[in-house]
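Observations on chain architecture
Read off the chains here:
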Amino acid sequence: MKGIYRVFWKELVQVFRDRKLVLSTLVLPVFLMPVFMFGPSLVLDRLLQGAQEKRQEVAVFGLPEEALAALRAANLVPKPHPDPERAVRAGEYPVGVRFAGGIYRVYGRLSGGLTEGQVAAGKVQSALQSLKEAKVAGALASRGIPYEILTPFQVEVVDASPEREKAGGVLGFLLPFFLVVFVLSGGQVVAVDATAGEKEKGTLEALLMAPVPLLHLALGKTLATVAMALLSGVSGLLGLALGGALAARFGGGLLTESGQTLELGGRIALDGGSFLALFLSAFLLALFMGAVMVSLGLYARSFKEAQSYMAPLQLLALLPLLFLQFRGFFELEAWHHLVPLFNVALLMDALLKGSATPLQAGFTWGSTLVYAGLALLYAVRVFAREEAVFRN
Amino acid sequence: MTEPQVVISFKYMIEVARLSKAYGKRLAVAGLSFQVAPGEVYALLGPNGAGKTTTLRMLSTLVRPTGGSAKVAGFDVVREPLEVRRRLGLVNGGMRVYDRLTGREVLAFFAGFYGLEGKSFREALSWVTALLQMEETLDRKVMEMSTGMRQKVVIARAILHRPPVLLLDEATAGLDVFARRALLDFVKAYRDLGHALVYSTHVMSEAEEVADRVGFLHGGRLVYEGSKEEALALGGGSLERAFVQVVKEAA
């Protein structure tokens, strides 16, 4: 066991004495995660607000006075133009409107992401809709019919999920996703350095000469990879939490696809058991991926080749997580908890929502441990293969 | 020089019998046999690709033979690799040590695998430091060392546990004249401690200086073996001429 610890220690000392590497792997994510996660939504929030408040000029043709008045009331400035569509296409105006044959045509440059033109087009649309409703209400009133007849009843959808599940709804996907990303990116730093890096630098042969079983070498290197992977994961999650706290503090939030804003600051409530379960899941995931990365790294001829293996591995590892988005569309079966990586993501999702069962946890941890063991055995086999060790 | 006790239990510390290594259909080493006694430097000579490195890798358990057998200090390289590694040191020209560790940390790291910790490590460190005159390397990071200093750490790593058998494979490659001189002096000193050494090189002049016996390796086969004096006589005072003559005759 001392041999394992010795190798583990050496790998981590080597990595931690590389300041640039520590900075890029452990420090930067803490500060970059908030920027990546919440920066765009905060900026977007401000931009949308600014665009809403701004008085945009609108190229108009053939609009009746009541429509022009409605546009002015909506903080827009109608400007007569013979061809509003051309004016918008040429970038002279953010939005244009033509009225002909009872149809209002609103022109805007709507492709290529969210633009001021889209906001202005929305404002025009909204102003004309209000005008339409006012005219309908007036017409109904002149006939003595109440306006409410148009809306005999209301439909309201209420999210009845528990608070923990609401927060977990997005985080249940994001947390495993980022955890896998950070586990892989942090772990690969050690895995590549400890394998292909050793080969390239000419230190591996001396290590293999040590009177220590190959399993101990493989385990020492894998555990160092796991340690760095977990530290990187913690760093990423700290960044995520920091971003959530900042977003809550400054009034921003995370925009969901449905347009709802999810406040993350202080919303995740985990009991001690769930927290430990999350950590164990992350550890087993890191152990599994660490052993895979050590095997791949050792097989590579050089540092560069090893890194080229890691990029597809990362994509491969993220693929099952993408399916996690669709978890609401299928009934979970026992075998889902045996699918590598996907099972860990499912369990994390369930732990965040408070819906994990002992059977699910047992299946996930047990199978991940088996996969990690197999990957470790494979790493030992690669260590024992002289054509792999001396491949450079 | 302070001298550790060397217990000699075998007539030969290295016994190689019909050792072979094939990579597919290509024979890198073919039926090699030789022995090395304690207190002897056996120079394995040959051009690049002759099979020297493969032979030493088989002896150091890094490469598995496909035929024959080899014993180091009485232990079989295939069946008892860990026992062999405990009694063996290997230095090759391309070997490096961890550049972000200090010399002392590197040696402590490897010493631990041989059970050298605490007092026994300090004693071993003191011995090897004196032997190689490498005090200045101990508290310096490897990345900050000169090539010669780094090579001393590589050698110190290989002999810290005082192995009765030391293998050197093109160990002077890339060294400057001072570092090379220090290494050759070390080889003789280590031999004088009663240890068995295999000195593999393609530089015949180095073998002329350190070898007691020589073996000429060509195309994976041992084409000549004898004492250095015999080989020198064969080549009219030059190992290089002797080698060329033997290879021509073998062809």
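Residues numbered from 1 in each chain as written. Chains lettered and ligands numbered in written order. Predicted model: local features only at pLDDT ≥ 70, side-chain atom pairs only at ≥ 80, totals over all residues.

1. Considering the packing of helix α12 (residues 342-353) of chain A against helix α13 (residues 358-384) of chain A
Residue and element names in this part refer to chain A.
- Packing of α12 against α13 leaves a shortest axis separation of 9 Å and a crossing angle of 145 degrees. In this structure, α12 meets α13 at a crossing whose hand is left-handed. Contacts between α12 and α13 involve N343, V344, L347 and A350 from the former and Q360, A361, F363, T364, S367 and T368 from the latter.
- Looking at side-chain class alone, the contact of α12 with α13 contains five nonpolar, five polar and no charged residues. (Axes fitted to C-alpha atoms, helices over the stretch in contact; angles between N-to-C directions. Helix = DSSP H or I, 4+ residues; strand = E, 2+ residues; numbered from the N terminus. Left-handed = near helix turned anticlockwise from the far one by under 90°. Contact = placed C-beta atoms within 7 Å. Nonpolar A, V, L, I, M, F, W, Y, C, P; charged D, E, K, R; others polar.)

2. A word on the interface of chain A and chain B
- Of the residues lining the interface, 19 residues belong to chain A; the matching set on chain B comes to 22 residues.
- Mapped by element, the contributors of at least two residues to the side of chain A that touches chain B are α1 (2-16) and α8 (204-208) of chain A.
- With six residues, the single largest contributor to the side of chain A that touches chain B is α1(A).
- Of the residues that constitute the side of chain A that touches chain B, the class distribution is seven nonpolar, four polar and eight charged.

3. Some thoughts on the domain arrangement of chain A
- Once the domains are mapped, chain A shows domain 1 (2-45 + 164-389) and domain 2 (55-150).
- One C-alpha centre belongs to domain 1 of chain A, the other to domain 2 of chain A; they are set 51 Å apart. (Domains from an automatic or database assignment.)

4. A few points about the pairing of strand β7 (residues 165-169) of chain B
Residue and element names in this part refer to chain B.
- Buried residues dominate β7, accounting for five of its five residues.
- Here β7 shows no split at all, with V165, L167 and D169 on one side and L166 and L168 on the other all buried.
- Pairing between strand β6 (residues 88-92) and β7: five bridges, direction parallel. Note that in β7 the partner of L90 across the bridge is L167.
- The pairing of β7 with strand β8 (residues 196-201) spans five bridges and is classified as parallel. Within the sheet, the bridge partner assigned to L166 lies in β8 and is L197.
- In terms of handedness, the path from β7 via helix α6 (residues 177-192) over to β8 forms a crossover that is right-handed. (Buried ≥ 20, exposed ≤ 12 C-beta atoms within 10 Å, placed from the backbone. Pairing = 2+ DSSP bridges. Right-handed = clockwise from strand over helix to strand, strands pointing away.)

5. Regarding the sheet that holds β6(B)
Residues and elements named next belong to chain B.
- Spatial strand order, β6-β7-β8-β3-β9-β10: six strands in an open sheet with mixed pairing. Bordering the open sheet on either side are β6 and β10 (221-227), each of which pairs with just one other strand. On average, each strand axis in the sheet is inclined to that of its neighbour by 15 degrees, with strand direction left out of account.
- Strands in contact with helix α1 (residues 52-59) are β3 (41-45), β6, β7, β8 and β9 (213-218); relative to β7, the strand with the most contacts, it is inclined by about 155 degrees.
- Contacts from helix α9 (residues 239-250) reach β3, β9 and β10, with the element oriented near 45 degrees to β9.

6. Digging into the sheet that holds strand β2 (residues 76-80) of chain A
All names here are of chain A.
- Taken in spatial order, the four strands of this open sheet run β2-β1-β3-β4, and their pairing is mixed. Of all the strands in the sheet, just β2 and β4 (103-108) have a single pairing partner and so form its edges. Taking each pair of neighbouring strands and ignoring which way they run, the sheet shows an average axis angle of 25 degrees.
- When strand β3 (residues 95-100) meets β4, the two strands line up antiparallel, connected through six bridges. Its bridge partner lying in β4, G96 is registered against Y107.
- Contacting β1 (56-61), β2 and β3, helix α3 (residues 65-73) crosses the sheet at an angle of about 140 degrees to β2.
- Relative to β4, helix α5 (residues 116-142) is tilted by about 165 degrees, and along the sheet it contacts β1, β2, β3 and β4.

7. Quick look at the environment of L296(A)
Residue and element names in this part refer to chain A.
- With respect to the helices and strands, L296 occurs in helix α10 (residues 272-299).
- By C-beta crowding, L296 is classed as buried, having 25 other C-beta atoms within 10 Å.
- C-alpha of L296 to C-alpha of V382: the two residues are 86 residues apart in sequence and 8.8 Å apart in space.
- Contacts of L296, omitting those with residues within four sequence positions, involve A306, Y309 and L313.

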